[in-house]
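Notes for the structure review
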Amino acid sequence: MEEIFERVAQLKAEKNAVILAHYYVNGDVQQVADYIGDSYYLSKVATTLSEKVIVFAGVNFMADSAKVLNPDKKVILPDSTADCPMAHMVTTAQIKKVRELYEDVAIVCYINSTLELKAESDVCVTSANAVKVVKALPNKNIFFIPDKNLAHFVAEQIPEKHFIYNEGYCPVHNYMAVKYVEEIKEKYPDIKILAHPECPRQVLAQADYIGSTSGIIDFAKASKDTKFLICTENGVGHKLQLDNPDKMFIFNDLSICQDMKKITLQSVIKSLESLAPEVEIDLELSKKALKPLEKMLELAK
Ligand code: 13P
Ligand code: SF4
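Since the model is a prediction, treat every value here as computed from it, not as a measurement.

**Considerations on the overall build of the protein chain**
Helices and strands together make up the secondary structure of the protein chain, namely 15 helices and 12 strands. For a compact globule of 301 residues, the expected C-alpha radius of gyration is about 19 Å, and the protein chain comes in at 19 Å, within 12% of that figure. In terms of principal-axis extent, the alpha carbons of the protein chain reach across some 55 × 55 × 30 Å. Expressed as a percentage of its 301 residues, the buried residues of the protein chain come to 56%.

Next up, the structure:
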């Protein structure tokens, strides 16, 4: 393993490359990353890098956003098929229809979406900043795309606004069953439930804490409790165990994002050697998608 890590370090120096990784990728990939975080942190970091090459250990929408924020850098997604299914769960035609129906409407686009959707939106959000960003908008009506679960979570905290919902969901989080949570609670009565807002409402209703992946990690570290059921993707377990060797974390075995797991140490090394597959985006599309991303970074400050 040491040899592999040395090879990655050598390639990074040779190619003037930096590795960004989401908490959902495999632990060994997180180990070679220069920056690890949730979607919000990674999008912020992407605006501050000096290296010429960004290797993004994550899925399409993350690497695409990094490229939009850094049009002059080479952005590499080690497996170009690593795609988020939710990113496609609304259409630009639906957005246009809502714009026709409502005068005072903001299209709020979860960052887990294609660039075509971002380009038609007013502002992007991540799970870490959605409430803050939506609260800051002047509009009465909010069309929140694509995730229905995050939309409802945000709407509950901003009752003064009118939300229009879309039927998108994350296949990993949406199948988190309330029955499973209850079973674990029965087995460990003192367990704390930490959930990502992409989970269904009934699961969120059982949670002691709801937040982004970074939020969950920070909460668990600061907590005096020692047993946690983590209702999000299993990759988060790597950091949780590193930070809290004496605490117990339970994950649902089914909570695995197959697309995030396509990024392996081997594919990272291969992509550093070949500087491929490179993210390539139409310039006009990139300019349009930049606006809502920049607005998010501005409003979330
Ligand atoms: P966060 O990184 O905002 O916690 O989102 C989780 C997710 O599903 C990323 O794909
Ligand atoms: Fe998409 Fe869900 Fe995977 Fe995140 S965990 S990349 S939302 S499918």
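Now that the structure has been shown, we can carry on.
**A look at the sheet that holds strand 9 (residues 192–195)**
Reading across the sheet, the four strands line up as 10-9-11-12 and stay open at both edges, with parallel pairing between neighbours. Of all strands in the sheet, those bounded by a partner on one side alone are strand 10 (209–210) and strand 12 (248–251). Two strands pair when backbone bridges link them, and strand 9 and strand 10 are joined in this way by two bridges, in the parallel orientation. Paired with A195 across the strands is I210, a residue of strand 10.

**Overview of the packing of helix 12 (residues 213–222) against helix 13 (residues 236–243)**
Their axes nearest at 10 Å, the elements helix 12 and helix 13 cross at an angle of 20°. Considered as vectors, helix 12 and helix 13 are oriented roughly parallel to each other. The element helix 12 and its partner helix 13 pack so that their crossing is right-handed. Contact residues: helix 12 offers T213, I216, I217, A220 and K221, while helix 13 offers V236, K239, L240 and D243. In terms of residue class, the contact of helix 12 with helix 13 is made up of five nonpolar, one polar and three charged.

**Looking at helix 10 (residues 178–187)**
All buried positions along helix 10 are accounted for by Y180, V181 and I184. Taken around the axis of helix 10, the buried residues stretch over an arc of 100°, which confines them to a single face. Opposite the buried face of helix 10, at more than 90 degrees from it, the exposed residues are K179 and E186. Next to the buried residues of helix 10 lie strand 9, helix 11 (201–204), strand 11 (227–231) and strand 12.

**Section: the nonpolar core**
L20, V108, F144, V154, L229 and C231 are the most contacted members of the largest nonpolar core, which totals 101 residues. Among the elements that line this core, the one with the most residues is helix 4 (residues 60–69), at six residues. Residues V105, C109, F143 and I164 belong to the second largest nonpolar core, which totals 10 residues.

**Side note on the site of ligand 1**
Near ligand 1 you find 14 residues, and of these H22, S39, S127, H196 and T213 are the closest. Between an oxygen atom of ligand 1 and a main-chain N or O atom of S39, the distance comes to 2.8 Å. Here S127 contributes a side-chain N or O atom positioned 2.6 Å from an oxygen atom of ligand 1. When ligand 1 is considered free in solution it has 300 Å² of accessible area, and contact with the protein chains removes 96% of it. Partitioning the shell around ligand 1 into residue classes produces five nonpolar, seven polar and two charged.

**Some remarks on the packing of aromatic side chains**
This model, assessed by the stated rule, comprises four aromatic pairs. Ring geometry for F163 against Y165: centres 6.2 Å apart, planes inclined by 20°, an arrangement best described as stacked. What makes Y165 partly exposed here is its relative accessible area of 33%. An angle of 75° between the planes, with centres 6.2 Å apart, marks the rings of Y169 and Y175 as edge-to-face.

**What about the pairing of strand 1 (residues 17–22)?**
For strand 1, the tally of buried residues reaches six of six residues, placing the bulk of the element in the interior. Because side chains alternate across strand 1, one face comprises the buried residues A17, I19 and A21, and the other comprises V18, L20 and H22, equally buried. Strand direction decides the pairing type here: strand 1 and strand 3 (residues 53–57), joined by five bridges, are parallel. Looking at the pairing, L20 lines up with F56 of strand 3.

**Considerations on the pairing of strand 5 (residues 105–110)**
Counting buried residues along strand 5, six of its six residues qualify, which places the element largely inside the surrounding structure. Neither face of strand 5 is exposed, since V105, I107 and C109 on one face and A106, V108 and Y110 on the opposite face are all buried. Summarising the sheet, strand 5 and strand 6 (residues 123–125) pair through three bridges and their orientation is parallel. Looking at strand 6, one finds that Y110 is bridged to V125.

Cut-offs applied
- Residues numbered from 1 in each chain as written.
- Chains lettered and ligands numbered in written order.
- Predicted model: local features only at pLDDT ≥ 70, side-chain atom pairs only at ≥ 80, totals over all residues.
- Heavy atoms only, no water.
- Helix = DSSP H or I, 4+ residues; strand = E, 2+ residues; numbered from the N terminus.
- Rg over C-alpha atoms; globule rule 2.2 N^0.38 Å.
- Buried < 20%, exposed > 50% of the residue type's maximum accessible area, 1.4 Å probe, protein only.
- Pairing = 2+ DSSP bridges.
- Axes fitted to C-alpha atoms, helices over the stretch in contact; angles between N-to-C directions.
- Parallel < 35°, antiparallel > 145°, perpendicular 65-115°, else oblique.
- Left-handed = near helix turned anticlockwise from the far one by under 90°.
- Contact = heavy atoms within 4.5 Å.
- Nonpolar A, V, L, I, M, F, W, Y, C, P; charged D, E, K, R; others polar.
- Arc of directions from axis to C-beta.
- Core = buried A, V, L, I, M, F, W, Y, C linked by side-chain atoms within 4.5 Å.
- Near = heavy atom within 4 Å.
- Polar contact = N/O pair within 3.5 Å; in protein donor to acceptor, adjacent residues only side chain to side chain.
- Areas by Shrake-Rupley, 256 points an atom, 1.4 Å probe, with all protein chains shown as cover.
- Phe/Tyr/Trp six-rings, centres within 6.5 Å; stacked < 30°, edge-to-face > 60°.

Spatial relationships are all this shows, so hold off on functional conclusions.
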